[in-house]
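One-letter residues, chain by chain:
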Amino acid sequence: MKYATKAFRSPTALVLLAGLALRASLPLFSHAQTETVSSPDGTISVVFELADSVPTYAVSRAGVAIIERSRLGVVLRNAAPLTSGFSVAGVARSEHNDVWEQVWGETAQIRDHHREMRITLEETGVQNPRTMVLRFRVFDDGVGFRYEWPSQPYLDEFVVEEEVTEFSFAQDNTSWWIPAFEHQRYEYLYARDPVSRLGRVHTPLTMVTPDGLYLSLHEAALTDYASMALQHTGGTTLRAELVPWSDGAAVFAEAPHVSPWRTIQIADEPGELIASYLVLNLNEPNKLDDTSWIQPGKYVGVWWEMHLGISSWGSGETHGATTENVKRYIDFAAAHGFDGVLVEGWNTGWDGDWAGDGEDFSFTEAHPDFDMEYLSRYAGERGVYIIGHHENGGGVENYARQLEGALDYYAQRGVRAVKSGYVEWGQDIKRTLPANTVPTSQQRRVGEWHHGQFMVEHYRHVLQRMADHKIMLNVHEPIKPTGIRRTYPNMMTREGARGQEYNSTWGGGNGLDHNVTLPFTRLLAGPMDFTPGTFDLDGEGPGPQNAVESTLAHQLALYVVMYSPLQMASDLPENYESHPEAFQFIKDVPVDWSDTRVVHARIGDFVTIARKDRNSEDWYLGGITDGQPRTLVASLDFLDAGRTYTAEIYADAVDANWETNPEAYTIARQTVDASTALPMKLAPGGGIAVRFVATANEAEE
Ligand code: NOJ
């Protein structure tokens, strides 16, 4: 691997012009110092400005302002804020350009090419001056910056009450948003509004400027810190709002400490946001010595039948995770080449109100009608592993207390992946106050948000303990992804949005716009365990299911569109058995890719993505639409030049329609190459899934 750090070269004329354009629009300050850093291609520039001792930054692209001068800094508890009174004590610049390999992912190799500017700020005119560093990294596809508090004499332990980090947008950008600080965590349908009308929203926050530039605001490397929501503060300005602890503080820290990166991805086309790896580039490299046990895979499971109300998590007549039923899923998985079988409701603690506080869950005691010893052996003999399940109902202390035993239990029984779950509403993760704290109320147990520093640390602790046991992790009700999968590649996938489960009996449905919005919003942050693959779409199958607003071909396409290294075939085995031809696509589709290309992209309308299998020369394509039928053409120029492919095309039948005829599809075969233009006809709620099987090229014959 090449690592090149070069002295910063002088900025291009374009960047100077950009800086001037920004400066011209600012009020004059009696004392201002500016420092500029630009992307390697010179298009994006960040202007840091210390304006009357207040640190600010601005971002432009090709001379056009994107973020106007915006404040930086933090407010501390029982100490003066670190928001003004600074001078610049040093400016260091460097450039970095290398390529690194993903253990698994959307693409095998990622280039990290950025220019960095590190501004050291020191307080002036005070007796005990403190230091804060602002580190900016500018890539061709966007910007990251973070706060750093180095070791120093007058800042040791400190409490961040709030960040004043602002994002003052130059224009009233249209934004796709979900609300923050609401009881369903990240599980909301995306709405679309101008920045000036937002309230408190989660990231990733995707936007389009009136000039047609696409932006995504998020954060990278969220470690030992509170997660960042965004609060509208007037005009077109949003401010970082850190998710607080129950006592109102945001972050308990001790120098040296760093904040996560605040990220702004910038693109000409929405599809470029999908193909941007900026968030991963801002994370630390892989920390695990041995990754041979981390293997992407596909799974089925005792799951949908519970969501349909056919069986139950709890014990009794309808208990789903019985030895007999799990055996049926293992046989099905083995017969069709799946790697794992998820088993929910296998353990004790589900009876009664399990989502009350989760205190009753045992993570080592199975229901008497579930024979783990037998089933893990039975699965292993058939080349399948059981995927464990740790729903804790938000009872994280009960879970943490049992964690070591729970992981030993699973590791000894060949369980290679665990799905965890934190179903609790809003601020209801229960924490016992340490013995020496005086509670503000008389209670010794307080409610924490899922997304504050307490839970960020909990999720990380569990991830690290799973790694020590060589177990891959899939988190439901998670903290949002911020690229930690690069550092801990056993962090496979997670929920953190409304998944397929909302099309169940209880969920009310996701509607027609959701699937064509997720790839441009939640999915920008990282893989999602969406659990696609519903084949019984009209709701007339065994369960009292809602009609799903999707065609069957759309469901197949989701395996390519919604990236996840652990991908579920979520429907009941019998629903796959009744569509064996379509099921073949789910059996074939890989979960680890060497390349990803976005073919069509219109947020909330349609999206087509092509990906190349990491373990063969085959390509795959998935295209989906909202309620509108579409006639599109996919240029197959992503295919390898000089090769021919047999395209296996799973398309909506001519009369397919999510509402009236969702399960009608056709399968066709055609020889294609990189010069082919593939017509795509998508039904309302429809989709298309294509496997391009590479034929040997001349050199290989
Ligand atoms: C919510 C999760 O998203 C779902 O997948 C799981 O089945 C239930 N919680 C029970 O743990």
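Residues numbered from 1 in each chain as written. Predicted model: local features only at pLDDT ≥ 70, side-chain atom pairs only at ≥ 80, totals over all residues. Heavy atoms only, no water.

Q: Would you explain the overall build of the protein chain in this entry?
A: Within the protein chain, the regular secondary structure consists of 12 helices and 39 strands. Relative to the globule expectation of 27 Å for 701 residues, the C-alpha radius of gyration of the protein chain, 26 Å, shows essentially globular dimensions. In terms of principal-axis extent, the alpha carbons of the protein chain reach across some 75 × 65 × 45 Å. For the protein chain, the accessible area works out to roughly 25,000 Å², and carbon and sulfur atoms hold 48% of it. Taken together, the 56 basic and 95 acidic charged side chains of the protein chain have centroids lying 6 Å from each other. (Helix = DSSP H or I, 4+ residues; strand = E, 2+ residues; numbered from the N terminus. Rg over C-alpha atoms; globule rule 2.2 N^0.38 Å. Areas by Shrake-Rupley, 256 points an atom, 1.4 Å probe, with all protein chains shown as cover. Lys, Arg positive; Asp, Glu negative; His and termini not counted. Charge placed at Lys NZ, Arg CZ, Asp CG, Glu CD.)

Q: What exactly am I supposed to notice about helix 5 (residues 323-336) here?
A: Owing to its 3.6 residues per turn, the α-helix aligns residues three or four sequence positions apart on the same side. Here helix 5 contains 14 residues, and its C-alpha end-to-end distance of 20 Å stays within 8% of the 20 Å for a straight helix at 1.5 Å per residue. Thr323, Asn325, Val326, Tyr329, Ile330, Phe332 and Ala333 are the residues of helix 5 that are buried. Residues of helix 5 that are buried make contact with strand 23 (297-302), helix 4 (304-307), strand 24 (340-343), helix 7 (372-381), helix 11 (573-577) and helix 12 (580-588). (Expected span 1.5 Å × (residues − 1). Buried < 20%, exposed > 50% of the residue type's maximum accessible area, 1.4 Å probe, protein only. Contact = heavy atoms within 4.5 Å.)

Q: Where do I start with the nonpolar core in this structure?
A: A general tendency of soluble globular proteins is for nonpolar side chains to be buried together. By size, the foremost hydrophobic cluster in this structure holds 168 residues, and its most contacted members are Tyr57, Phe136 and Phe167. Element by element, the count of residues in this core is highest for helix 9 (residues 453-468), at 8 residues. When near neighbours in sequence (up to four residues on either side) are disregarded, phenylalanine 136 contacts Val37, Val46, Phe48, Tyr57, Leu72, Arg115, Glu116, Met117, Ile119, Gly144 and Phe145. In terms of nonpolar packing, the next biggest core, distinct from the first, is built from 20 residues, Phe638, Leu639, Tyr645 and Leu678 among them. (Core = buried A, V, L, I, M, F, W, Y, C linked by side-chain atoms within 4.5 Å.)

Q: Before we go on, may I ask you to explain the site of the ligand in this structure?
A: Among the 13 residues in the neighbourhood of the ligand, the closest are listed as Glu344, Glu391, Lys419, His476 and Glu501. Glutamate 344 places a polar side-chain atom, nitrogen or oxygen, 2.6 Å from an oxygen atom of the ligand. Between the ligand and the protein, one listed contact pairs an oxygen atom with a side-chain N or O atom of glutamate 391 at 2.7 Å. In isolation the ligand offers 290 Å² of accessible surface; the protein chains occlude 96% of this area. The class makeup of the residues in the shell around the ligand is 4 nonpolar, 3 polar and 6 charged. (Near = heavy atom within 4 Å. Polar contact = N/O pair within 3.5 Å; in protein donor to acceptor, adjacent residues only side chain to side chain. Nonpolar A, V, L, I, M, F, W, Y, C, P; charged D, E, K, R; others polar.)

Q: I tried to follow the packing of helix 8 (residues 396-411) against helix 9 on my own but got confused; where do I start?
A: Working note: a packed helix pair is described by the angle between its axes plus the distance between those axes. Between helix 8 and helix 9, the least distance of the axes is 11 Å, while the angle of their chain directions is 10 degrees. Put simply, helix 8 runs roughly parallel to helix 9. Contacts between helix 8 and helix 9 involve Val396, Tyr399, Leu403, Glu404 and Leu407 on the former and, on the latter, Phe454, Met455, His458, His461, Val462, Arg465 and Met466. In terms of residue class, the contact of helix 8 with helix 9 is made up of 8 nonpolar, 2 polar and 2 charged. (Axes fitted to C-alpha atoms, helices over the stretch in contact; angles between N-to-C directions. Parallel < 35°, antiparallel > 145°, perpendicular 65-115°, else oblique.)

Q: Explain the environment of glutamate 648 here, please?
A: Looking at where glutamate 648 falls in the secondary structure, it is placed in strand 36 (residues 645-652). The class of glutamate 648 is buried, set by a relative accessible area of 12%. For the pair glutamate 648 and isoleucine 667, spaced 19 residues apart in sequence, the C-alpha separation works out to 6.9 Å. Those residues in contact with glutamate 648 that lie beyond four places of it in its chain are Asp588, Ala668, Arg669, Ala689, Val690, Arg691 and Val693.

Q: Just to check I follow, could you spell out the domain arrangement of the protein chain for this structure?
A: Often, the extent of an interface is quoted as the loss of accessible area on bringing the components together. Taken domain by domain, the protein chain comprises domain 1 (11-172 + 228-256) and domain 2 (297-496). With centres defined by C-alpha atoms, the gap from domain 1 to domain 2 works out at 38 Å. Surface buried jointly by domain 1 and domain 2 totals about 1,200 Å² across both partners, of which 53% is contributed by carbon and sulfur atoms. Its largest share of buried area at the contact with domain 2, domain 1 owes to Trp104, Trp245 and Ser246, together 49% of the area lost on that side. At the junction of domain 1 with domain 2, the criterion picks out 1 salt bridge. Across the pair glutamate 106 and arginine 485 runs a salt bridge whose closest N-O atoms are separated by 2.9 Å. Taken together, the residues of the side of domain 1 that touches domain 2 sort by class into 10 nonpolar, 2 polar and 1 charged. (Domains from an automatic or database assignment. Buried area = accessible area lost by both parts, 1.4 Å probe. Salt bridge = Lys/Arg side-chain N within 4 Å of Asp/Glu carboxyl O.)

Q: What am I meant to see in the pattern of salt bridges here?
A: Where charged atoms from two side chains of opposite charge come close, those side chains can pair. Within this structure, the stated rule accounts for 40 salt bridges. Residue lysine 612 pairs with aspartate 640 through a salt bridge whose shortest N-O separation is 2.8 Å. Remark: aspartate 640 occurs in the loop between strand 35 (630-635) and strand 36 and lysine 612 occurs in strand 33 (residues 606-613); sequence separation between them is 28 residues. Relative accessible area serves as the criterion here: at 13%, lysine 612 is assigned to the buried category.

Q: Whenever I open this one, the sheet that holds strand 6 (residues 74-76) confuses me. Can you help?
A: Sheet strands associate in pairs through backbone hydrogen bonding, adopting either a parallel or an antiparallel arrangement. Read from one edge of the open sheet, 3 strands run 6-11-20, paired in antiparallel fashion. The open sheet terminates on both sides in strands that have one partner only, identified here as strand 6 and strand 20 (251-254). For this sheet, the mean angle separating the axes of adjacent strands, direction not counted, is 45 degrees. The pairing of strand 6 with strand 11 (residues 157-163) spans 3 bridges and is classified as antiparallel. Looking at strand 11, one finds that leucine 76 is bridged to valine 160. (Pairing = 2+ DSSP bridges.)

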